[in-house]
Amino acid sequence: QVQLVESGGGLVQTGDSLRLSCVASGRTVGSYAMGWFRQAPGNDRDFVATINWSGDITNYADSVKGRFTISRDNAKNTMYLQMSSLKPEDTAVYYCAARRSIRGSEKGDSYDYWGQGTQVIVSS
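My aim in this report is to walk through the structure given alongside it, one point at a time. (Residues numbered from 1 in each chain as written. Predicted model: local features only at pLDDT ≥ 70, side-chain atom pairs only at ≥ 80, totals over all residues. Heavy atoms only, no water.)

Here the focus is the sheet that holds strand 1 (residues 3-7). Across the sheet, four strands lie side by side as 1-3-8-7; this open sheet has antiparallel pairing. In the strand order of this sheet, the two ends are held by strand 1 and strand 7 (68-73), each with one partner. Strand-to-strand twist of the sheet, defined as the mean angle between neighbouring strand axes without regard to direction, takes the value 15°. With six bridges joining them, strand 7 and strand 8 (residues 78-83) adopt antiparallel strand pairing. Residue pairing for strand 8: Phe68 is matched across the bridge by Met83. (Pairing = 2+ DSSP bridges. Helix = DSSP H or I, 4+ residues; strand = E, 2+ residues; numbered from the N terminus. Axes fitted to C-alpha atoms, helices over the stretch in contact; angles between N-to-C directions.)

Shown next as structure tokens:
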């Protein structure tokens, strides 16, 4: 089993930056693709970014492309989401996820493990 724990969320202002972390435990996730998703109040959970097992292939939602950067450090069993130029519409609970595949995916239901989420609030 894999346990995922997110951290780094908080309250920031428009234009600020924030870095989220997702630490995996239970087993190494170095061979797993991972991703970030977010859910705003009243909305479905949306895809944000995904990264393959080695970290050299990434994909982003159009809404965050150019502002967010996903990365991972397999030696630390950790994934990151660097968020910059934050907007109020980025306000959401952010979840990290891992899937038993080397390839990333935009589809939330293809992921096998999920964290509990970390809240990000961007004030205008």
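Bringing the nonpolar core into the picture now. Judged by nonpolar contacts, the single largest core of 34 residues is most densely connected at Leu4, Trp36, Leu81, Met83 and Tyr94. Ranked by the residues each element gives to this core, the list is headed by strand 9 (residues 92-99), at five residues. The residues touching Leu4, leaving out its near neighbours within four places in the chain, are Cys22, Val23, Ala24, Met34, Cys96, Ala97, Ala98, Tyr113, Trp114, Gly115 and Gln116. (Core = buried A, V, L, I, M, F, W, Y, C linked by side-chain atoms within 4.5 Å. Buried < 20%, exposed > 50% of the residue type's maximum accessible area, 1.4 Å probe, protein only. Contact = heavy atoms within 4.5 Å.)

Of the two faces of strand 11 (residues 118-123), only one is covered, namely that formed by Thr118, Val120 and Val122; the face formed by Gln119, Ile121 and Ser123 stays uncovered. Direction of pairing for strand 2 (residues 10-13) relative to strand 11: parallel, over a ladder of four bridges. In the strand pairing of strand 11, Val12 is matched with Val122. Two elements, strand 9 and strand 11, share three bridges in a ladder whose sense is antiparallel. Bridge pairing links Tyr94 to Thr118 in strand 11.

Applying the stated criterion across every chain, the model contains four salt bridges. In this structure, the salt-bridge partner of Lys65 is Asp62, at a minimum N-O distance of 3.1 Å. Of the charged contacts in the structure, one is a salt bridge between Arg67 and Asp90, with a shortest N-O distance of 2.7 Å. Of this pair, Arg67 sits in the loop between strand 6 (58-60) and strand 7 while Asp90 sits in the loop between strand 8 and strand 9, and the two are 23 residues apart along the sequence. Connected through salt bridges with shared partners, the residues Arg38, Arg67 and Asp90 form a single ionic network. (Salt bridge = Lys/Arg side-chain N within 4 Å of Asp/Glu carboxyl O.)

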